[in-house]
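Structural overview for review
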Amino acid sequence: MKKVILILSLILTTFVTNAQTPDTLQLSPKELFGESDDWNDVGILQSYVNFSKDVLSSSNLSVGIIGKQVSTTLNLGYNKSSMNGQWGHTFAASINPIWNYYGVGYGLSKNTEKRTTTLQSFYSTDFNFQKDITLSFIDVFRTKKFGTFGYSVIASKSFWGSYEGEWEGKYTIDENGDFKDLIYPTIPASNELSYRGMVMYTYTLKTKRVNISPQIFAMSDVYKVFKDGTTSDLAYFDDFNLDLYYGTSIDWKVTKRFILNTNIRYNTTWDKLSESVGYKKSNPILFMIGTNFQF
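Residues numbered from 1 in each chain as written. Predicted model: local features only at pLDDT ≥ 70, side-chain atom pairs only at ≥ 80, totals over all residues. Heavy atoms only, no water.

1. Side note on the environment of Ser162
Its place among the elements puts Ser162 in the loop between strand 9 (147–160) and strand 10 (163–164). A relative accessible area of 48% means that Ser162 is categorised as partly exposed. Those residues in contact with Ser162, other than ones at most four positions away along the chain, are Phe129, Thr186, Ile187, Pro188 and Ala189. (Helix = DSSP H or I, 4+ residues; strand = E, 2+ residues; numbered from the N terminus. Buried < 20%, exposed > 50% of the residue type's maximum accessible area, 1.4 Å probe, protein only. Contact = heavy atoms within 4.5 Å.)

2. Structural notes on the nonpolar core
Listed in full, the five residues of the largest apolar core are Met198, Met200, Phe217, Met219 and Tyr245. Sorting the residues of this core by element identifies strand 14 (190–202) and strand 16 (210–227) as the ones contributing at least two each. Contacts of Met198, omitting those with residues within four sequence positions, involve Gly150, Tyr151, Ser152, Phe217, Ala218 and Met219. (Core = buried A, V, L, I, M, F, W, Y, C linked by side-chain atoms within 4.5 Å.)

3. Describing the pattern of salt bridges
Counting across every chain of the model gives six salt bridges. Between Lys224 and Asp221 there is a salt bridge, with the nearest N and O atoms lying 3.5 Å from each other. The class for Asp221 is buried, based on a relative accessible area of 10%. One continuous salt-bridge network, built from bridges that share partners, spans Arg196, Asp221, Lys224 and Asp238. (Salt bridge = Lys/Arg side-chain N within 4 Å of Asp/Glu carboxyl O.)

4. Some thoughts on unusual backbone geometry
The phi angle at Phe127 is positive, at roughly 60°, despite the residue not being glycine. Assignment of secondary structure puts Phe127 in the loop between strand 7 (115–125) and strand 8 (130–143). Given a relative accessible area of 65%, Phe127 falls into the exposed group.

5. Observations regarding the side chain of Asn191
For Asn191, the location among the structural elements is in strand 14. Its relative accessible area of 18% is what places Asn191 among the buried residues. Those residues in contact with Asn191, other than ones at most four positions away along the chain, are Lys157, Ser158, Phe159, Trp160, Val225, Phe226 and Lys227.

6. Observations concerning the pairing of strand 8
Here strand 7 pairs with strand 8 via eleven bridges, running antiparallel. By the bridge assignment for strand 8, Thr125 is matched with Lys131. Hairpin connection of strand 7 to strand 8: four residues between the antiparallel strands, including Phe127 at a positive phi of 60°. Alignment of strand 8 against strand 9, held across 14 bridges, turns out to be antiparallel. Directly across from Thr134, in strand 9, lies its bridge partner Ser156. Between strand 8 and strand 9, which pair antiparallel one after the other, the connecting turn spans three residues. (Pairing = 2+ DSSP bridges.)

7. A few points about the packing of aromatic side chains
Applying the stated criterion across every chain yields a total of ten aromatic pairs. Ring geometry for Phe91 against Tyr106: centres 5.2 Å apart, planes inclined by 45°, an arrangement best described as tilted. In this pair, Phe91 sits in strand 5 (residues 87–96) while Tyr106 sits in strand 6 (residues 101–111), placing the two residues 15 residues apart along the sequence. The exposure class of Tyr106 is partly exposed, given its relative accessible area of 30%. Relative to Tyr266, the ring of Tyr246 lies with its centre 6.1 Å away and its plane at 25°, an arrangement referred to as stacked. Within this pair, whereas Tyr246 is found in strand 18 (residues 241–253), its partner Tyr266 is found in strand 19 (residues 258–271), the two being separated by 20 residues in sequence. (Phe/Tyr/Trp six-rings, centres within 6.5 Å; stacked < 30°, edge-to-face > 60°.)

Quick look at the structure:
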């Protein structure tokens, strides 16, 4: 009887030794949804900021409220025209220290009495995670009775570095089987090429001291190409989406040569495709101040 007990004891000891508890475990889809609902706000749209559209603006100084944060941008520009005024060169730089985002650009314009056509390039980056390259063709028409109309065709490419993704249910345990740490996936570096169109309209009410110009801009992405080197690479025509910017620009005629510009602009976004995958664009309120001094 002692021999049988001894043999049985050896068998149990060998089985327990060989059946080691794994270091990494994976929750089932049902368990993951329950945990993510508490930890990752599943079902709640995550807000994001579109740097190329909202952070860098065209005024000398802009203060924007984006989500719950304040964004301040300083824009510097230099314009040089040909002797007959038909051609213009624009050099621009944008600095946003709060978002740590910076940009430089160049534009070539052809001017007539009623029309200005511009080809513009702009490069912006945070020197860390994201950078954008934008090429724009802008056509603006001026009328005496009906205001100013314009349209723009834009190609913009964004590059993002790798980052830590949302938790997918994997975690590690120690030798005792107790929870040790969560395992987060690494999202690879990616880029996205977007083709978009924009139309704009503004009408100026002129007085002796101020010029008041209500403005509206409508922008929509048409076609996108996304690449990250995985099976997620795709090219597609975008579903209906619209970024609507609207506000008022006021030129204060301080002196005959000095004009102070103030501008307030709001933004509304419709983008069901982004919302369907859990993301919603933060809509900014922009307050802008600019100057124009004629030498």
